[in-house]
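Chains, contacts and geometry: an overview
This is what each chain is made of:
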Amino acid sequence: MNFRPTIRSDNPLIDSVCSIAIDNIWKNTRPWQGELSECATDCILAGADYSSPWTRDTSLNTWFAVTAFNPTVARNTLRAVLTSDDNGLKIGGQYWDAINWVTGAWQYYLYTHDEPFLKEAYEAAVNSVRLGLSTISLWQTGCSLVRVVVVG
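These lines cover the structure that appears in this document, whether it is placed above or below. Just so you know, these numbers come straight off a predicted model, no measurement behind them.

A short note on helix α1 (residues 12-27)
Between its terminal C-alpha atoms α1 stretches 22 Å, which fits the 22 Å expected from 16 residues at 1.5 Å a residue. Those residues of α1 not exposed but buried are Asp15, Ile22 and Ile25. Each buried residue of α1 sits inside an arc of 95° when the element is viewed along its axis, so together they form one side. Facing away from the buried side of α1, by more than 90 degrees, are the exposed residues Pro12, Leu13, Ile20 and Lys27. The backbone nitrogen of Leu13 has a side-chain oxygen 2.8 Å away, supplied by the residue at the start of α1, namely Asn11.

And the structure:
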């Protein structure tokens with residue numbers, strides 16, 4: 001990352017926890033080449049012992065703070081977990097991770113207003129939900145069954 005943020009508050013415990021979180025993100029930001037990239041870009045990997053970004057971690061990191069600290073790394077990491085085939089862009093990982101990714105992508109857009117990314121994210125989200133629906137016909141939640149319909 002190009003700068004290392006710090007957080008100061010009136011509470012030393014909050015300062016300490018934020019410092020640990022920022023340090024963790026800092027250490028896990030490394031060059032990585034996703035399927036859509038022409039070259040390696042700075043991305044947040046899943047952890048010290050992981051060699052790639054993970055879809056769910058990407059969403060949570062983007063949603064919780066990385067977009068504010070470094071929008072470029074947030075965008076790179078969100079794009080790093082996308083895949084592409086003859087049917088268009090899709091979000092990598094399990095279908096439940098794809099749904100989580102959408103929240104991170106939306107938070108990134110709300111902060112940056114990056115419309116080209118939003119168009120890419122929309123395509124990936126719609127295609128991923130369609131793929132999920134073709135893989136499973138019903139999701140059971142508690143006592144009821146939920147049917148999901150994709151429009152558009």
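Focus: the environment of Ile44
One can find Ile44 in strand β2 (residues 41-44). Along the primary structure Ile44 and Ala74 are separated by 30 residues, whereas in three dimensions their C-alpha atoms are 7.9 Å apart. Apart from the residues within four sequence positions on either side, Ile44 is in contact with Ile25, Asn28, Thr29, Pro53, Asn61, Val66, Val73 and Thr77.

Points about the packing of helix α3 (residues 71-80) against helix α4 (residues 95-112)
Relative orientation of the contacting elements α3 and α4 amounts to 150°, with a least axis distance of 11 Å. By the angle between their axes, α3 is roughly antiparallel relative to α4. Here α3 and α4 pass one another in a crossing that is left-handed. Counted together, Pro71, Ala74, Arg75 and Leu78 of α3 and Trp101, Gly104, Ala105, Tyr108, Tyr111 and Thr112 of α4 form the full contact between these two elements. Split into classes, the residues belonging to the contact of α3 with α4 amount to seven nonpolar, two polar and one charged.

A closer look at the nonpolar core
Ranked by internal contacts, the top residues of the largest apolar core, which has 17 residues, are Val66, Ile91, Trp101 and Phe117. Of all elements in the fold, only α3, β4 (88-91), α4 and α5 (115-135) reach the threshold of two or more residues within this core. Setting aside anything within four residues of it in sequence, one finds Trp101 in contact with Thr55, Thr58, Ser59, Leu78, Val81, Leu82, Ile91, Phe117 and Ala121.

Describing the packing of aromatic side chains
In the structure shown here, the tally under the stated rule is five aromatic pairs. Judged by centre distance (5.5 Å) and plane angle (15°), the rings of Trp63 and Phe64 are stacked. Overall, Phe64 belongs to the exposed group, its relative accessible area being 58%. Three or more aromatic residues link up through ring pairs in this structure, and these residues are Trp101, Tyr108 and Phe117.

So, the packing of helix α2 (residues 55-69) against α4
With their axes 7 Å apart at the nearest point, α2 and α4 run at an angle of 20° to one another. Looking at the two axes, α2 sits roughly parallel to α4. Relative to α4, α2 is oriented so that their crossing is left-handed. Between α2, through Thr55, Arg56, Thr58, Ser59, Thr62, Trp63, Thr67 and Ala68, and α4, the contact on the second element is made entirely by Trp96, Asp97, Ala98, Asn100, Trp101, Thr103, Gly104, Gln107, Tyr108, Tyr111 and Thr112.

Let's talk about a nonpolar patch on the surface
Side chains of Leu60, Trp63 and Phe64 sit close together on the surface and give an oily, nonpolar patch of about 320 Å² of accessible area. In this fold, Trp63 is placed in helix α2. Overall, the relative accessible area of 39% leaves Trp63 in the partly exposed class.

Quick word on unusual backbone geometry
Residue His113 is not a glycine yet carries a positive backbone phi of 60°. As for its placement among the helices and strands, His113 is situated in the loop between α4 and α5. Overall, His113 belongs to the exposed group, its relative accessible area being 54%.

What counts and how
- Residues numbered from 1 in each chain as written.
- Predicted model: local features only at pLDDT ≥ 70, side-chain atom pairs only at ≥ 80, totals over all residues.
- Heavy atoms only, no water.
- Helix = DSSP H or I, 4+ residues; strand = E, 2+ residues; numbered from the N terminus.
- Expected span 1.5 Å × (residues − 1).
- Buried < 20%, exposed > 50% of the residue type's maximum accessible area, 1.4 Å probe, protein only.
- Arc of directions from axis to C-beta.
- Polar contact = N/O pair within 3.5 Å; in protein donor to acceptor, adjacent residues only side chain to side chain.
- Contact = heavy atoms within 4.5 Å.
- Axes fitted to C-alpha atoms, helices over the stretch in contact; angles between N-to-C directions.
- Parallel < 35°, antiparallel > 145°, perpendicular 65-115°, else oblique.
- Left-handed = near helix turned anticlockwise from the far one by under 90°.
- Nonpolar A, V, L, I, M, F, W, Y, C, P; charged D, E, K, R; others polar.
- Core = buried A, V, L, I, M, F, W, Y, C linked by side-chain atoms within 4.5 Å.
- Phe/Tyr/Trp six-rings, centres within 6.5 Å; stacked < 30°, edge-to-face > 60°.
- Patch = residues over 30% accessible without salt bridge, like charges linked within 9 Å, V, L, I, M, F, W, Y side chains within 5 Å.
- Areas by Shrake-Rupley, 256 points an atom, 1.4 Å probe, with all protein chains shown as cover.
- Salt bridge = Lys/Arg side-chain N within 4 Å of Asp/Glu carboxyl O.

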